[in-house]
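Spelled out from the first residue to the last, the chains are:
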Amino acid sequence: MYRFLLRPRWIVFHIAIIAAVVGMLALANWQWTRLQQRNDFIAKVHHREETEPQALAPLLATNAPADIEYLKVTATGSYLTTGQMIQINQVQAGVNGSDVLTPFQIDGGPLIIVNRGFIEDNTAAAPPPTGTLLIGGTARTTQPHTTGELTDNNSGDKVHIRRVDLGEISKRLGVTVAPIYLDFIAAKPTTTEPPIPPPAPDLSGGPPHLSYTIQWLIFSLCAIAGWVFAVRRSARTRLKKATATAVATAPADAGSNSVPDSDDSPPRAADEQPVSDARAMPSA
């Protein structure tokens, strides 16, 4: 009944379905792996955010930037009076504006960039505080240029930038800066002047990897169900055709002897007369 499944056209169909299911299951597994990686990353960030603040200079001397990112760190030093930059096209609390980036010289340590916070569009950035300060912030790594983004090195504007690319900032300033910058949290002595300190990293967004995983699993089940439906439908169609052909080609007198005559006696000739019961009686 199912020998038709071995025909070349059906074999191609089987291979296509198997390839589609394997591919969709691989995509589902990839999305699930991405989900686990993101959950691990979020857990790592939360763990680092909950640690006690540490001095940045010793961390930079003994750790890679990736091992420092999202740690709460402190540094003692002073802001430079030159080299302040504005990171444009930023949004905070639904308001368009910019972030103010100011070089900070650590006492006995490297020069770092501090994201002092947010200012609204058409608002001038306040100058940095003067004198020696103890600042605290969240350590962040450089923001690399990605495909499709505009670059910052094709313009004579040395103040406005699109991302915190520490390598490009080093070129602009003409000095080496640390591979970590700070999202400012607080300083001592304190100041209430703008800019507004940047918020904590928001990790609630991101691609819906779980939804994508479920979708690919559903698609693979739909492909399998479609294969089953196609096979059963073809089998039923072939069975109906085979039955109709068998009926059409059966002999015409195949059922003539199956219905007996109502009289069990053999048929009489046309001129044969019925025998009267009177012949058996003697005449009077």
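A quick note: this is a predicted structure, and the numbers were derived from the prediction, not measured. (Residues numbered from 1 in each chain as written. Predicted model: local features only at pLDDT ≥ 70, side-chain atom pairs only at ≥ 80, totals over all residues. Heavy atoms only, no water.)

Considering the side chain of Thr141
The residue Thr141 is located in strand 6 (residues 133–141) in this model. Here Thr141 is in contact with Pro65, Ala66, Glu69, Pro179, Ile180 and Tyr181, once residues within four sequence places are set aside. (Helix = DSSP H or I, 4+ residues; strand = E, 2+ residues; numbered from the N terminus. Contact = heavy atoms within 4.5 Å.)

Some words on the packing of aromatic side chains
Inspection of the entire model under this criterion finds four aromatic pairs. Relative to Tyr70, the ring of Phe41 lies with its centre 5.8 Å away and its plane at 75°, an arrangement referred to as edge-to-face. Residue Phe41 is found in helix 1 (residues 8–49), and its partner Tyr70 is found in the loop between helix 3 (65–68) and strand 2 (72–79); the two are separated by 29 residues along the sequence. Here Tyr79 and Phe104 contribute two aromatic rings whose centre-to-centre distance is 5.0 Å and whose plane-to-plane angle is 80°, an arrangement assigned as edge-to-face. (Phe/Tyr/Trp six-rings, centres within 6.5 Å; stacked < 30°, edge-to-face > 60°.)

Some details on the layout of surface pockets
Within this model, the largest pocket holds a volume of roughly 350 Å³. The wall of the largest pocket is formed by 18 residues, among which Gln90, Asp99, Asn115, Arg140 and Asp183 lie closest to the centre. Sort the elements by how many residues they give to the lining of the largest pocket and strand 3 (residues 85–92) lands first, with four residues. Here the lining of the largest pocket is built from residues that sort into six nonpolar, seven polar and five charged. (1 Å grid on protein atoms, 1.4 Å probe; cavity = no way out; pocket = protein on both sides within 12 Å on 5 of 7 lines; lining within 4 Å. Points joined across faces, edges and corners; volume = space filled by probe spheres on them. Nonpolar A, V, L, I, M, F, W, Y, C, P; charged D, E, K, R; others polar.)

Considerations on the nonpolar core
Buried together is how nonpolar side chains tend to be arranged in soluble globular proteins. Membership of the largest hydrophobic core comes to 20 residues, with the highest contact counts inside it found for Leu56, Ile68, Phe104, Ile112, Val114, Ile135 and Leu182. The element that contributes the greatest number of residues to this core is strand 8 (residues 177–188), accounting for five residues. The residues touching Leu56, leaving out its near neighbours within four places in the chain, are Ile68, Val73, Thr74, Ile106, Ile112, Ile180 and Leu182. By size, the runner-up hydrophobic cluster in this structure holds ten residues, among which are Met85, Leu101, Ile161 and Val164. (Core = buried A, V, L, I, M, F, W, Y, C linked by side-chain atoms within 4.5 Å. Buried < 20%, exposed > 50% of the residue type's maximum accessible area, 1.4 Å probe, protein only.)

Description of unusual backbone geometry
Between Lys188 and the following residue, Pro189, the backbone shows a cis peptide bond with an omega angle of 0°. In this fold, Pro189 is placed in the loop between strand 8 and helix 5 (209–248). Positive phi, normally seen in glycine, also occurs at Asn89, with a value near 60°. Looking at the element boundaries, Asn89 is found in strand 3. Residue Asn89 is classed as exposed on the basis of its relative accessible area of 66%. Not every positive phi belongs to a glycine, and Ala93 is a case in point at roughly 55°. Mapped onto the elements, Ala93 comes out in the loop between strand 3 and strand 4 (95–106). Residue classification places Ala93 among the exposed positions, given a relative accessible area of 80%.

Overview of the packing of helix 1 against helix 5
Running from N to C, helix 1 and helix 5 cross one another at 165°; their axes reach a closest spacing of 7 Å. In terms of orientation, helix 1 and helix 5 fall into the roughly antiparallel class. Between helix 1 and helix 5 lies a crossing of left-handed hand. Residues that form the contact of helix 1 with helix 5 fall into these classes: 20 nonpolar, six polar and three charged. (Axes fitted to C-alpha atoms, helices over the stretch in contact; angles between N-to-C directions. Parallel < 35°, antiparallel > 145°, perpendicular 65-115°, else oblique. Left-handed = near helix turned anticlockwise from the far one by under 90°.)

Remarks on the pattern of salt bridges
In this structure the tally under the stated criterion is three salt bridges. Residue Glu69 is joined to Arg140 by a salt bridge in which the shortest nitrogen-to-oxygen separation is 3.5 Å. Taken together, the residues span a long stretch of sequence, with Glu69 in the loop between helix 3 and strand 2 and Arg140 in strand 6 at a distance of 71 residues. Taken individually, Glu69 and Arg140 each receive the classification buried, so the pair is uniform in this respect. Its salt-bridge partner being Glu168, residue Arg172 comes within 3.8 Å of it at the nearest N-O pair. Of this pair, Arg172 and Glu168 both sit in helix 4 (residues 166–173), separated by four residues, roughly a single helical turn. (Salt bridge = Lys/Arg side-chain N within 4 Å of Asp/Glu carboxyl O.)

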